[in-house]
Amino acid sequence: RMRSAVHTVVATQRFESLGKAAASQARRFDDAADRGDVPALLEELAAEPEIIARGNHSYSALHRAAERGHTDAVYTLLLHGADAPEVLNACTSVGGNTPLHLAAQRGSVGVVLKLLKARALAVDVRNDRGMTAAQVAEYAGYAEIVSLLQAPRAPAELSPVGGYSTPRTPRS
């Protein structure tokens, strides 16, 4: 419960920096990630493709979907730009966790596997407790995830050059 309250404050601060319409859309987008609602994510992305790159990444839609174990939502977000290093490796303002830390803590093998395929993923990032995602998984008792995170990543297993998504030109 405390974690949710703190993240609500962070999200509120993020939304306040946006205009009213953009804040409303960002809330809908984040709520869809919370629920793992892929059709709603796609609807918001169709309306505003740059929504993933906009704003503060301290508790992004990717963090939300990874923390809740929504593999399909994580994959959708990765396909639409969340594979950018600044989103993929962003640390939460509370706890300093990346989406990979959150998936490892939850024991979500599917999410971890999707994240591991992103070329820009940094598996050795340490959170505020000084722990990598592998250490978080080990502490939580998820041996399979520990093995996945400690295994070397072969280039053939990674997504195409540039990550999951195709580079987009900025809107003018």
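A few points on the structure. (Residues numbered from 1 in each chain as written. Predicted model: local features only at pLDDT ≥ 70, side-chain atom pairs only at ≥ 80, totals over all residues. Heavy atoms only, no water.)

### Observations concerning the pattern of salt bridges
Then comes step 1: Inspection of every chain in the model, using the stated rule, returns six salt bridges.
Then comes step 2: Note that R68 is salt-bridged to E67, the shortest N-O span being 3.4 Å.
Then comes step 3: According to the relative accessible area criterion, R68 is partly exposed, its value standing at 26%.
Then comes step 4: A network of salt bridges, in which partner residues are shared, links D30, D34, R64, E67 and R68. (Salt bridge = Lys/Arg side-chain N within 4 Å of Asp/Glu carboxyl O. Buried < 20%, exposed > 50% of the residue type's maximum accessible area, 1.4 Å probe, protein only.)

### Description of the packing of helix 8 (residues 109-116) against helix 10 (residues 143-150)
Then comes step 1: Direction vectors running N to C along helix 8 and helix 10 enclose 5°, while the axes themselves pass 10 Å from each other. Considering the angle they form, helix 8 stands roughly parallel to helix 10. Of the residues in helix 10, those touching helix 8 at V109, V112, L113 and L116 are E144, I145, L148 and L149.
Then comes step 2: Grouping the constituent residues of the contact of helix 8 with helix 10 by class yields seven nonpolar, no polar and one charged. (Axes fitted to C-alpha atoms, helices over the stretch in contact; angles between N-to-C directions. Helix = DSSP H or I, 4+ residues; strand = E, 2+ residues; numbered from the N terminus. Parallel < 35°, antiparallel > 145°, perpendicular 65-115°, else oblique. Contact = heavy atoms within 4.5 Å. Nonpolar A, V, L, I, M, F, W, Y, C, P; charged D, E, K, R; others polar.)

### Focus: the side chain of T92
Then comes step 1: Position of T92 relative to the elements: it lies in the loop between helix 6 (85-88) and helix 7 (99-106).
Then comes step 2: At a separation of 2.7 Å, a polar atom in the side chain of T92 contacts the main-chain carbonyl oxygen of V94. (Polar contact = N/O pair within 3.5 Å; in protein donor to acceptor, adjacent residues only side chain to side chain.)

### Observations concerning the environment of E44
Then comes step 1: Inspection of the secondary structure assignment puts E44 in helix 3 (residues 38-47).
Then comes step 2: Given the relative accessible area of 7%, E44 is considered buried.
Then comes step 3: Taking C-alpha positions, E44 is 7.7 Å from R28, a pair spaced 16 residues apart along the chain.
Then comes step 4: In this view, E44 contacts Q25, R28 and F29; residues no more than four positions away in its chain are not counted.

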